[in-house]
Amino acid sequence: GLGPVNETHTKYFNKLGASIINSEPKYDVRFDTGQPHGEALNYVSEEFGFKKIELVDSFYVDMDGENVKTELWYGVNREGNESYLTADVQPDGSSKYAKTLYRYTTEEKFNPDNPVTKEETMAFFINAQVEWVFRQETRKKERLGKAYKYPVIHVQDGQMAPFIAA
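Right, let's walk through the structure included here. (Residues numbered from 1 in each chain as written. Predicted model: local features only at pLDDT ≥ 70, side-chain atom pairs only at ≥ 80, totals over all residues. Heavy atoms only, no water.)

1. A look at the nonpolar core
Tyr-27, Tyr-43 and Phe-124 are the most contacted members of the largest nonpolar core, which has 26 residues in total. Among the secondary structure elements, those contributing two or more residues to this core are β4 (53-63), β5 (66-76), β6 (82-89) and α2 (118-144). Per-element tally for this core: the top contributor is α2, with 6 residues. Phe-124 has contacts with Val-61, Met-63, Val-68, Thr-70, Thr-86, Ala-87, Asp-88 and Tyr-97, leaving out every residue within four places of it along the chain. (Core = buried A, V, L, I, M, F, W, Y, C linked by side-chain atoms within 4.5 Å. Buried < 20%, exposed > 50% of the residue type's maximum accessible area, 1.4 Å probe, protein only. Helix = DSSP H or I, 4+ residues; strand = E, 2+ residues; numbered from the N terminus. Contact = heavy atoms within 4.5 Å.)

Structure, rendered in structure tokens:
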């Protein structure tokens, strides 16, 4: 999967002297464990490898005219890689776009466990990531002044064009 690939690339690029920070969705529920109603995702576990994660920022992103509260969580995984996890928070405290890992609603089938499509989920994460990168780099530039170096931003292939467009 992309998670282990991302983790391995980051580990070895950091060993070469790069400064790589991962960003990924913070889903609530997974369905790959055989539980019929899913199982809560626990990022602070042996499987995911975070010793702890902490809320470090929140902001709003526009989703078709709707301001969606976004939370950014930070942790360091077992490989020493820094990661930011992104989730939406709906007015009732639930998640809409980061509710379920995979199992998206499609044109053919509505999924009550995950009422949004893959495209809607990816649009949220791309919008949230663009806002996050802008916020992070603005702070960094203000802090470093003339010593600031522009970042190299790498996104997965299917998200490259939407990320640039946003």
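2. Structural notes on a negative patch on the surface
Among the surface-exposed residues, Asp-62, Asp-64, Glu-66, Glu-107, Glu-108, Glu-119 and Glu-120 lie close enough to one another that they form a single negatively charged patch. Given the relative accessible area of 58%, Glu-119 is considered exposed. (Patch = residues over 30% accessible without salt bridge, like charges linked within 9 Å, V, L, I, M, F, W, Y side chains within 5 Å. Areas by Shrake-Rupley, 256 points an atom, 1.4 Å probe, with all protein chains shown as cover. Salt bridge = Lys/Arg side-chain N within 4 Å of Asp/Glu carboxyl O. Lys, Arg positive; Asp, Glu negative; His and termini not counted. Charge placed at Lys NZ, Arg CZ, Asp CG, Glu CD.)

3. Some thoughts on the pattern of salt bridges
Note on pairing: side chains with opposite charge can pair once their charged atoms come close. Under the defined criterion, the tally for this structure stands at 4 salt bridges. The residue Asp-57 makes a salt bridge to Arg-139 at a minimum N-O spacing of 3.2 Å. In this pair, Asp-57 sits in strand β4 while Arg-139 sits in helix α2, placing the two residues 82 residues apart along the sequence. Note on Arg-139: relative accessible area 38%, which makes it partly exposed. The residue Glu-131 makes a salt bridge to Arg-135 at a minimum N-O spacing of 3.9 Å. In this pair, Glu-131 and Arg-135 are both assigned in helix α2, 4 residues apart and thus about one turn of the helix distant.

4. A look at α2
An α-helical turn contains 3.6 residues, so any two residues separated by three or four positions project in the same direction. End to end, α2 covers 38 Å across 27 residues, agreeing with the expected 39 Å (1.5 Å per residue, within 8%). When α2 is considered as a whole, its buried residues turn out to be Thr-121, Met-122, Phe-124, Phe-125, Ile-126, Ala-128, Gln-129, Trp-132, Val-133 and Glu-137. Gly-145 occupies a position one or two residues after α2 and carries a positive phi of about 60°. (Expected span 1.5 Å × (residues − 1).)

5. As for the packing of aromatic side chains
Enumeration according to the criterion identifies 6 aromatic pairs in this entry. Judged by centre distance (5.9 Å) and plane angle (75°), the rings of Tyr-27 and Phe-125 are edge-to-face. Here Phe-125 lies in helix α2 and Tyr-27 lies in the loop between β1 (21-25) and β2 (29-30), a separation of 98 residues in the sequence. By relative accessible area, Tyr-27 is classed as buried at 8%. (Phe/Tyr/Trp six-rings, centres within 6.5 Å; stacked < 30°, edge-to-face > 60°.)

6. Some points on the environment of Ala-40
On the secondary structure map, Ala-40 appears in strand β3 (residues 39-40). Overall, the relative accessible area of 59% leaves Ala-40 in the exposed class. C-alpha of Ala-40 to C-alpha of Tyr-27: the two residues are 13 residues apart in sequence and 8.7 Å apart in space. Among all residues touching Ala-40, those that are not within four sequence positions of it are Asp-28 and Val-29.

7. As for the sheet that holds β1
The sheet built from 4 strands is open, its strands ordered β1-β6-β5-β4 with mixed pairing. Two strands lie at the open edges of the sheet, namely β1 and β4, each paired on one side alone. Taken pair by pair, the neighbouring strands of this sheet meet at an average axis angle of 25°, ignoring direction. When β4 meets β5, the two strands line up antiparallel, connected through 10 bridges. When the sheet's bridge partners are listed, Ser-58 is paired in β5 with Glu-71. Against the sheet, α2 makes contact with β1, β4, β5 and β6, and its axis sits at roughly 115° relative to β4, the strand it touches most. (Pairing = 2+ DSSP bridges. Axes fitted to C-alpha atoms, helices over the stretch in contact; angles between N-to-C directions.)

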